[in-house]
Amino acid sequence: MKIVEQVLKGDKRAAGKLISMIEDDDAGATEALAAIYPHTGKAHVVGFTGPPGVGKSSLINRLIREFRVRDRKVGVVAVDPTSPFTGGAVLGDRIRMSDTGTDPGVFIRSMATRGHSGGLALATFDAVKVLDALGIDLIFVETVGAGQSEIDIASRAHTTVVVQMPQSGDAVQALKAGILEIGDIYVVNKTDLGGADSMASNLDFMLEERQGWRPPVVQTSALEGKGIKELADAINKHYRYLKGGGGWRRRESDRARKELYESMKRLLAEAYSDETEGVAFEEVVGAIVVRKTDPRSAAKTLLRDLKLPK
Ligand SMILES: Nc1nc2c(ncn2[C@@H]2O[C@H](COP(=O)(O)OP(=O)(O)OP(=O)(O)O)[C@@H](O)[C@H]2O)c(=O)[nH]1
Ligand SMILES: [Mg+2]
């Protein structure tokens, strides 16, 4: 496929087009994704999650610039972003340091939440694969911290960055459930507002070492550009930790397992949405209702006779 060759050569426009095909559930996208898959697996995928307005996009904008200085190719996949990515130029900055349109080392893409039969997580990580095949070294995935989907997405990144902002001591106790378990790096952003020290030390106190990695707490002000180098260093350090031990392989296996399972579910759903198979499926539903068969036996029979879509 021409589009695959173009993406592998580093053609950003072709990559954008392929991601649109993924979003539209275009039949060609499946084929293209299969073709690029052997060329993926090199990029470091870093998920950013945290409450709305905490400064995730601002931090990513700062990091794009920091990593460009370090000569890394950077990509962003933003899920339903509410604020724009500028590719390194931060609101309030006079000088636009890197123009994403012309800088071949920056690729930014946002994904809309609706319209993917495979679910948002699947579409998001298919887009990540396109960026990976394009030759991007470091891919940021931003999700708004509101529900299962962001935990889902965070759990597929190699490195998960949880962003918080200063709160009163009591509020720290009320951190969203699960937030202490998913992060590899914690950020207390908006240090310019004050109260960051106690927030950071409270967080640090609650975090525990997991598999030889103790999540660091980094204080930043995306507004002032403070703590960005430290955050970039923490991201690199986590990468070296993953590569040094078995962590990288373990996370890749986790992701492969999830994607395999989801692909199987999707194939099943597609198989039974087909005209004839769909009717056969409904007949079996009827047989279960009248107790002619039981769900488990019926499932076995259906799976045995299943004709998968192409
Ligand atoms: N004072 C202060 N404001 C900040 C800082 N970082 C970001 N902001 C402001 O906070 C607001 C939200 O920032 P975003 O970067 O859009 O936050 P976000 O987490 O991406 O927001 P959502 O995508 O809507 O969840 C903007 O008005 C930013 O200018 C900071 O370090 N200090
Ligand atoms: Mg944002």
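Being a predicted model, the structure only gives us computed values, none of them experimental.

Colleague: Could you give an account of the overall build of the chain, with specific residues and numbers?
Modeller: Across its full length, the chain holds 13 helices and 7 strands. For the chain, the exposed area adds up to about 16,100 Å²; of that, 54% sits on carbon and sulfur atoms.

Colleague: Any details on the coordination of the magnesium ion (ligand 2)? Residues and values, ideally.
Modeller: Protein-derived ligands of the magnesium ion (ligand 2) are Ser57 (OG) and Glu142 (OE), with the metal-ligand distances lying across 2.1 to 2.2 Å. Taken together, the positions of serine 57 in helix α4 (residues 56–69) and glutamate 142 in strand β4 (residues 138–142) put the pair 85 residues apart, joining distant regions of the chain. In terms of burial, serine 57 and glutamate 142 fall into one category: buried.

Colleague: Which residues make up the packing of helix α10 (residues 228–244) against helix α11 (residues 247–273), and what are the values?
Modeller: Across the interface, α10 lies against α11 with an axial gap of 5 Å and an inter-helix angle of 85°. Classified by the interaxial angle, the pair formed by α10 and α11 is roughly perpendicular. Taken together, the residues of α11 that come into contact with α10 (itself represented by His238, Tyr239, Tyr241, Leu242 and Lys243) are Gly247, Trp248, Arg250 and Arg251. Considering only residue class, the contact of α10 with α11 consists of 4 nonpolar, 2 polar and 3 charged.

Colleague: Provide a residue-level description of the environment of alanine 121, including the pertinent values.
Modeller: Inspection of the secondary structure puts alanine 121 in helix α5 (residues 120–134). For alanine 121, a relative accessible area of 12% gives the class buried.

Colleague: Got a sec to walk through the pattern of salt bridges? Specific residues and values, please.
Modeller: Taken as a whole, this structure holds 17 salt bridges when the rule is applied. A salt bridge links glutamate 66 to arginine 70; the nearest nitrogen and oxygen atoms lie 2.9 Å apart. The shortest N-O distance in the salt bridge between arginine 255 and glutamate 252 comes to 3.4 Å. You can see arginine 255 and its partner glutamate 252 sitting in helix α11, 3 residues apart, about one turn around the helix. For arginine 255, a relative accessible area of 12% translates into the label buried. A relative accessible area of 21% places glutamate 252 in the partly exposed class.

Colleague: Lay out the packing of aromatic side chains with the relevant residues and their values.
Modeller: Evaluated as defined, the whole model comprises 5 aromatic pairs. A ring pair is formed by phenylalanine 67 and phenylalanine 140, whose centres lie 6.3 Å apart and whose planes are at 50°; its orientation type is tilted. Highlighted residues: phenylalanine 67 in helix α4 and phenylalanine 140 in strand β4, separated in sequence by 73 residues. Residue phenylalanine 67 shares its accessibility class with phenylalanine 140, and that shared class is buried. Where tyrosine 272 meets phenylalanine 281, the ring centres are 4.8 Å apart and the plane angle is 35°; that geometry is what we call tilted. In this structure tyrosine 272 comes out as buried when scored by relative accessible area, which is 14%.

Colleague: Give me the lowdown on unusual backbone geometry, citing residues and values where you can.
Modeller: Phi angles above zero are rare outside glycine, and aspartate 25 is one such case at about 60°. Here aspartate 25 shows up in the loop between α2 (12–23) and α3 (27–36). What makes aspartate 25 partly exposed here is its relative accessible area of 34%. In this model, glutamine 211 sits at a positive phi of 45°, which is unusual for a non-glycine residue. Turning to its location among the elements, glutamine 211 is positioned in the loop between α9 (196–206) and β7 (217–219).

Colleague: Give a description of a nonpolar patch on the surface that names residues and reports values.
Modeller: Taken together, Phe281, Val285, Val289 and Val290 make up a surface patch of nonpolar side chains, about 330 Å² in accessible area. A relative accessible area of 57% places valine 290 in the exposed class.

Colleague: So what about the confidence of the model for the chain? Which residues, and what values?
Modeller: Residue-level pLDDT values for the chain average 85, and 83% of them are 70 or greater. Mean pLDDT across the elements of the chain bottoms out in helix α7 (residues 169–173) (56) and peaks in β7 (98). Counting interchain partners and residues more than four positions distant, the pLDDT-below-50 stretch residues 91–100 has 14 contacts.

Colleague: Outline helix α12 (residues 275–289), listing residues and values.
Modeller: Relative to the 21 Å expected for 15 residues at 1.5 Å per residue, α12 spans 21 Å between its end C-alpha atoms, a close match to the ideal helical length. Turning to α12, its buried residues number three or more, namely Glu277, Gly278 and Ala287. Its buried side turned inward, α12 meets α11. Of the residues trailing α12, arginine 291 is marked for its positive phi of about 65°.

Colleague: Describe the sheet that holds strand β3 (residues 106–111), and please don't skip the residues or the numbers.
Modeller: One open sheet accounts for 7 strands, arranged β3-β2-β4-β1-β5-β6-β7; its pairing is parallel. Since the sheet does not close on itself, it has two edges, and those belong to β3 and β7, each with one partner. Ignoring which end each strand starts from, the neighbouring axes of this sheet average 20° apart. The sheet contact formed by strand β5 (residues 159–164) and strand β6 (residues 185–188) spans 4 bridges and is parallel. Looking at the pairing, glutamine 164 lines up with valine 188 of β6.

Basis of the calculations
- Residues numbered from 1 in each chain as written.
- Chains lettered and ligands numbered in written order.
- Predicted model: local features only at pLDDT ≥ 70, side-chain atom pairs only at ≥ 80, totals over all residues.
- Heavy atoms only, no water.
- Helix = DSSP H or I, 4+ residues; strand = E, 2+ residues; numbered from the N terminus.
- Areas by Shrake-Rupley, 256 points an atom, 1.4 Å probe, with all protein chains shown as cover.
- Donors = N, O, S within 2.8 Å, 3.2 Å for Na, K, Ca; no water.
- Buried < 20%, exposed > 50% of the residue type's maximum accessible area, 1.4 Å probe, protein only.
- Axes fitted to C-alpha atoms, helices over the stretch in contact; angles between N-to-C directions.
- Parallel < 35°, antiparallel > 145°, perpendicular 65-115°, else oblique.
- Contact = heavy atoms within 4.5 Å.
- Nonpolar A, V, L, I, M, F, W, Y, C, P; charged D, E, K, R; others polar.
- Salt bridge = Lys/Arg side-chain N within 4 Å of Asp/Glu carboxyl O.
- Phe/Tyr/Trp six-rings, centres within 6.5 Å; stacked < 30°, edge-to-face > 60°.
- Patch = residues over 30% accessible without salt bridge, like charges linked within 9 Å, V, L, I, M, F, W, Y side chains within 5 Å.
- pLDDT = per-residue confidence, 0-100.
- Expected span 1.5 Å × (residues − 1).
- Pairing = 2+ DSSP bridges.

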